[in-house]
Amino acid sequence: MQGAPVIVVNANTKREQGRKAQLGNIQAAKAVSDIVLTTLGPRSMLKMLLDPMGGIVMTNDGNAILREIDVQHPAAKSMIELARAQDEEVGDGTTSVIILAGEMMVAARPFIEKNIHPTEIVNGYFKALEDSLSILDEIAQQIDTEKKEEVMKALQSCIGTKFAFRWGTLISDLSLQATRIVLRGGNVNKLNLEIKRYAKVEKIPGGTLEESCVLEGVMINKDVTHPRMRREIKNPRIILLDCTLEYKKGESMTNMEMTKESDMTDALQQEINEVALMCNDILKHKPDIVITEKGVSDLAQHFLLKGNVSVIRRVRKTDNTRIARVSGATIVNRPEEIQETDIGTLCGTFEVKKIGDDYFAFFIDCQNPTACSIILRGASKDVLNEMERNLHDCLAVAKNIYQDPKLLPGGGAVEMEVSARLLEKANKVEGLGQLPYKAVAYALEIIPRTLSANCGADTVRVLTELRAKHSETGGLYFGVDGNTGKIAKMNDINVWEPLSVKKQVFKTAIESACMLLRIDDVVSGIKKKQQQSGRQGGEEEPQETFGDQRDG
């Protein structure tokens, strides 16, 4: 008994411990960052991905690429989550954050091989992160958001690396216009939520990209319910409902006992009277358009048509709130509760147009709307999907600029400047933490290095020149021109990035690298199915099932 081993963990589980687990995590992080390495910068390559449904996605957006990739390693999965977090938080910089996090992990490898404790490395990394964030604040430039050209500088740089860049300022104009419309709502702190909620992108295949526009109002993919209803109305009175305009059925099962032949007619007449009453509550306010989120019966249509009212039914909740924002109407729950103040009168024109095969209802020429529809036209669905991804990034950058109107030079200039300043400060760091602190400074150079490599430039020469420029005073604006691969001043070629995006990239990359470095044990259990397929000729264990399957 004395020599018998005590087995705690199931023998089927796979387990990596200590240095092996850490090196495995570094390798996984590097593999993920290598996937998106070539998609950084204006000369970046596109990736073609096959999604599970057999559709094709062509993009150079880091988040869109990693979203479609299925990985096994837990560290690789957490790296992919970084791109999603970056996309949701600031919308741009998804590729940079993955490349930087991968490089931070690789920079830690020599220390782990020399048996330096991960806590020492993490302390050095956090100290470097703290200093680099204060450097970013120091070198950021304040801009005036009232001046369109200053905001456009950052938007054009954001779109400069995307597929949409060949159409000039088209996408940046659309996103700036949409952001300004949503901003009229006045809530700058919740602008991220507001843009997602009130700036809807509508993709209509066909036509040319130049036909894309932002409406001073809303468009929905609906037609009026009856062909004889008016399809064009000037200055309409709009009522918005979220109840059905139908006869209400009984709550529980209702039995009707009929004793004479007129009973059936009486029952139907009762239904007609109920619906007529409901429609009269609406018609006494003399509306031109009634829009409801639920259904409208044929009977209600008949009464409303007689009152010269156009009806649109089964509108989405989100579309209804957007129409409320542009028309000044209030969404009402019951027809009998409608008041004069609930009726929307701010919409200038209502019209239904046929575009391609579908009918679309337009609420346009509104007075100071606080919601909008962005219409994207394009030859194919692939082009439209890519344009929508680019527009999403551009809207996010516009939102960041309005929330925190500070810009930094792009093209790797910021990374080189922070790297140079961190190397100066490194000598003041005491103890073992100095080495990882320097490693962060060198790892930041991956951004300009990748930019120049993607242009086919001589990377070593470009980086050496950049280091020399940033070691002198006044070299802050020198970075890599992503189109030519040569060194240029970023304020001359107008390449800028919002401070909030860059801060988020640094925070996410370094903090995630620290988290992954502190993992020293990876335990993964083997699933039952794999276990059973591993057995040969043996009896299968009955698997637990739930609910319907177990009940037969």
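Residues numbered from 1 in each chain as written. Predicted model: local features only at pLDDT ≥ 70, side-chain atom pairs only at ≥ 80, totals over all residues. Heavy atoms only, no water.

An unreviewed UniProt entry lists the protein under the name T-complex protein 1 subunit gamma, from Paramecium pentaurelia. Check the Subcellular location (unreviewed entry) section of the UniProt entry for the protein; it says "Cytoplasm". (UniProt positions renumbered as here; feature names shortened; annotations may be inferred.)

All right, on to the nonpolar core then. Looking at soluble globular proteins, one finds that nonpolar side chains tend to be buried together. Tyr125 and Phe363 are the most contacted members of the largest nonpolar core, which has 153 residues in total. In terms of residues, this core owes the most to one element, helix H4 (residues 94-113), which gives 11 residues. Once residues within four sequence positions are removed from consideration, Phe363 is found in contact with Glu216, Gly217, Val218, Ile220, Ile238, Ile289, Ile291, Ile312, Ile323, Cys347, Thr349 and Phe350. Of all hydrophobic cores here, the second largest spans eight residues; its members include Ile204, Met219, Ile355 and Ile375. (Core = buried A, V, L, I, M, F, W, Y, C linked by side-chain atoms within 4.5 Å. Buried < 20%, exposed > 50% of the residue type's maximum accessible area, 1.4 Å probe, protein only. Helix = DSSP H or I, 4+ residues; strand = E, 2+ residues; numbered from the N terminus. Contact = heavy atoms within 4.5 Å.)

Turning next to the packing of aromatic side chains. Within the structure shown, the criterion is met by two aromatic pairs. Aromatic side chains Phe350 and Phe363 sit 5.2 Å apart centroid to centroid with 45° between the ring planes, which places their arrangement in the tilted category. Taken together, the residues span a long stretch of sequence, with Phe350 in strand E13 (residues 349-355) and Phe363 in strand E14 (residues 358-364) at a distance of 13 residues. By the burial criterion, Phe350 is buried, and Phe363 matches it. With a centroid separation of 6.1 Å and an interplanar angle of 70°, the aromatic rings of Tyr477 and Trp496 are classed as edge-to-face. Taken as a pair, Tyr477 in the loop between helix H16 (459-471) and strand E17 (478-480) and Trp496 in strand E19 (residues 496-498) lie far apart in primary sequence, 19 residues in all. Accessibility expressed as a relative area gives 4% for Trp496, which makes it buried. Residue placement shows Arg231 over the ring face of Tyr359; its charged tip is 5.3 Å from the ring centre. (Phe/Tyr/Trp six-rings, centres within 6.5 Å; stacked < 30°, edge-to-face > 60°. Lys NZ or Arg CZ within 6 Å of the ring centre and 35° of its normal.)

Residue position: Gln177 is located in helix H7 (residues 170-183). According to the relative accessible area criterion, Gln177 is partly exposed, its value standing at 35%. Through-space distance from the C-alpha of Gln177 to that of Glu216 is 9.5 Å; in sequence the pair is 39 residues apart.

It is worth spelling out unusual backbone geometry at this point. Unlike most non-glycine residues, Arg314 shows phi in positive territory, near 50°. Counting through the fold element by element, Arg314 comes out in the loop between strand E11 (310-312) and helix H11 (317-327). The class of Arg314 is partly exposed, set by a relative accessible area of 49%. A positive phi angle is found at Asp365, which is not glycine, with a value near 55°. Assignment of secondary structure puts Asp365 in the loop between E14 and strand E15 (372-378).

Given a rise of 1.5 Å per residue, 21 residues ought to cover 30 Å, and the 30 Å separating the end C-alpha atoms of helix H9 (residues 263-283) matches this to within 8%. When we look at burial in H9, the residues that qualify are Asp263, Ala267, Val275, Ala276, Met278, Cys279, Asp281 and Ile282. Packing partners of the buried residues in H9 comprise strand E9 (238-241), strand E10 (289-292) and helix H10 (298-306). (Expected span 1.5 Å × (residues − 1).)

Let us now look at the layout of surface pockets. One number sums up the size of the largest pocket: a volume of about 730 Å³. Gly41, Pro42, Ser157, Thr161 and Val495 are the residues nearest the centre of the largest pocket, which is lined by 42 residues in total. For the lining of the largest pocket, the secondary-structure elements that each account for two or more residues are H4, helix H6 (148-159), helix H15 (446-454), helix H17 (490-493), E19 and helix H18 (499-517). With five residues, H6 is the single largest residue contributor to the lining of the largest pocket. Split by residue class, the lining of the largest pocket holds 14 nonpolar, 19 polar and nine charged. There is about 600 Å³ of room inside the second largest pocket. For the second largest pocket, the lining is made up of 29 residues, of which Asn385, Glu388, Arg389, Leu391 and His392 are closest to its centre. Mapped by element, the contributors of at least two residues to the lining of the second largest pocket are strand E3 (56-59), helix H2 (62-68), helix H3 (74-89), helix H8 (191-198), strand E5 (199-205) and helix H12 (381-403). Tallying contributions element by element places H12 first for the lining of the second largest pocket, with 11 residues. Of the residues belonging to the lining of the second largest pocket, the class tally is 13 nonpolar, five polar and 11 charged. (1 Å grid on protein atoms, 1.4 Å probe; cavity = no way out; pocket = protein on both sides within 12 Å on 5 of 7 lines; lining within 4 Å. Points joined across faces, edges and corners; volume = space filled by probe spheres on them. Nonpolar A, V, L, I, M, F, W, Y, C, P; charged D, E, K, R; others polar.)

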